[in-house]
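Observations on chain architecture
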Amino acid sequence: MEIIPMLLKEMEQEAQTTRKMLERVPEEQFSWQPHPRSMTMQRLASHVAELPGWVHMALTTEALNFMESDFKPVLANSKVELLEMHEKAYIMGREQLEKADEELLKQNWQMLGGPNGDQLWYEAPKGDVIRMSLSQTVHHRAQLGVFLRLLDIPIPGSYGPSADEH
């Protein structure tokens, strides 16, 4: 069984659901957060928007070292930027996955951090990193749904209709 077609299908399905959620994020609530330790709406929505780009990163690098990398989370400053950020990340990730082969998915990828960048935070085959990025999308999109619910903003369905769509 080939893994890449399954990942591409899942990536497209999650992108469709993510777009619907990001379209609901109100710019006037970008600075809102439900708790002091929570991300702001802007940070969380931006993170959800950028996550498909991790597919590209996993397939084109051997590691992400937060101490040595120029990787910086980007904040969207408007709903338009948020949707553009997501679309760009999705296209980059999808195009790289379409070019990949099954052998590439078996190669290891690492995430390093800590004060000196020498702590191994995560290591897995690139295929697993792609699955993790899809899972992170679902996880953080659900958090975003809670944020929207707390602000009484109707939630779009993810894997069927939501309570707001009945």
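Rules used throughout
- Residues numbered from 1 in each chain as written.
- Predicted model: local features only at pLDDT ≥ 70, side-chain atom pairs only at ≥ 80, totals over all residues.
- Heavy atoms only, no water.
- Helix = DSSP H or I, 4+ residues; strand = E, 2+ residues; numbered from the N terminus.
- Rg over C-alpha atoms; globule rule 2.2 N^0.38 Å.
- Buried < 20%, exposed > 50% of the residue type's maximum accessible area, 1.4 Å probe, protein only.
- Contact = heavy atoms within 4.5 Å.
- Areas by Shrake-Rupley, 256 points an atom, 1.4 Å probe, with all protein chains shown as cover.
- Lys, Arg positive; Asp, Glu negative; His and termini not counted.
- Charge placed at Lys NZ, Arg CZ, Asp CG, Glu CD.
- Pairing = 2+ DSSP bridges.
- Core = buried A, V, L, I, M, F, W, Y, C linked by side-chain atoms within 4.5 Å.
- Axes fitted to C-alpha atoms, helices over the stretch in contact; angles between N-to-C directions.

**A closer look at the overall build of the chain**
Each helix and strand counted, the chain has six helices and three strands in total. When the helices and strands of the chain are placed in sequence order, the string is α-α-α-β-α-α-β-β-α. Taking 15 Å as the expected radius of gyration for a compact globule of 166 residues, we find that the chain reaches 17 Å, a close match to that expectation. For the chain, the spread of C-alpha atoms along the principal axes amounts to about 45 × 40 × 25 Å. Residues classed as buried in the chain amount to 42% of the 166 residues present. Put simply, 70% of the contacts in the chain that link residues at least 6 apart link residues at least 24 apart. Accessible area of the chain: about 9,100 Å², with a carbon and sulfur share of 53%. Each charge sign in the chain was given a centre, from 16 positive and 25 negative side chains, and these centres are 4 Å apart.

**Digging into the pairing of strand S2 (residues 108-113)**
Examined bridge by bridge, strand S1 (residues 63-65) and S2 share three bridges and lie parallel to one another. Each residue of the ladder has a partner; that of asparagine 65, found in S2, is leucine 112. Direction of pairing for S2 relative to strand S3 (residues 119-125): antiparallel, over a ladder of six bridges. Across the sheet, methionine 111 pairs through a bridge with tyrosine 122, a residue of S3. The turn linking S2 back onto S3 is made up of five residues, and glycine 114 within it adopts a positive phi angle of 85°.

**Observations concerning the nonpolar core**
By size, the foremost hydrophobic cluster in this structure holds 17 residues, and its most contacted members are Leu22, Val25, Met41, Ala45, Leu82, Leu144 and Leu148. Breaking this core down by element, the ones donating at least two residues are helix H1 (3-22), helix H2 (41-50), helix H4 (79-99) and helix H6 (126-150). Of all the elements, H2 adds the most residues to this core, at five residues. In this structure, methionine 41 is in contact with Val25, Pro26, Gln29, Phe30, Trp32, Leu144, Phe147, Leu148 and Leu151, ignoring residues within four places of it in sequence.

**As for the sheet that holds S3**
A sheet is described by the order of its strands in space; here three strands give the open sequence S1-S2-S3, paired in mixed fashion. Two strands lie at the open edges of the sheet, namely S1 and S3, each paired on one side alone. For this sheet, the mean inter-axis angle between neighbouring strands, taken without regard to orientation, is 10°. The strands touched by H6 are S2 and S3; relative to S3, the strand with the most contacts, the crossing angle is about 105°.

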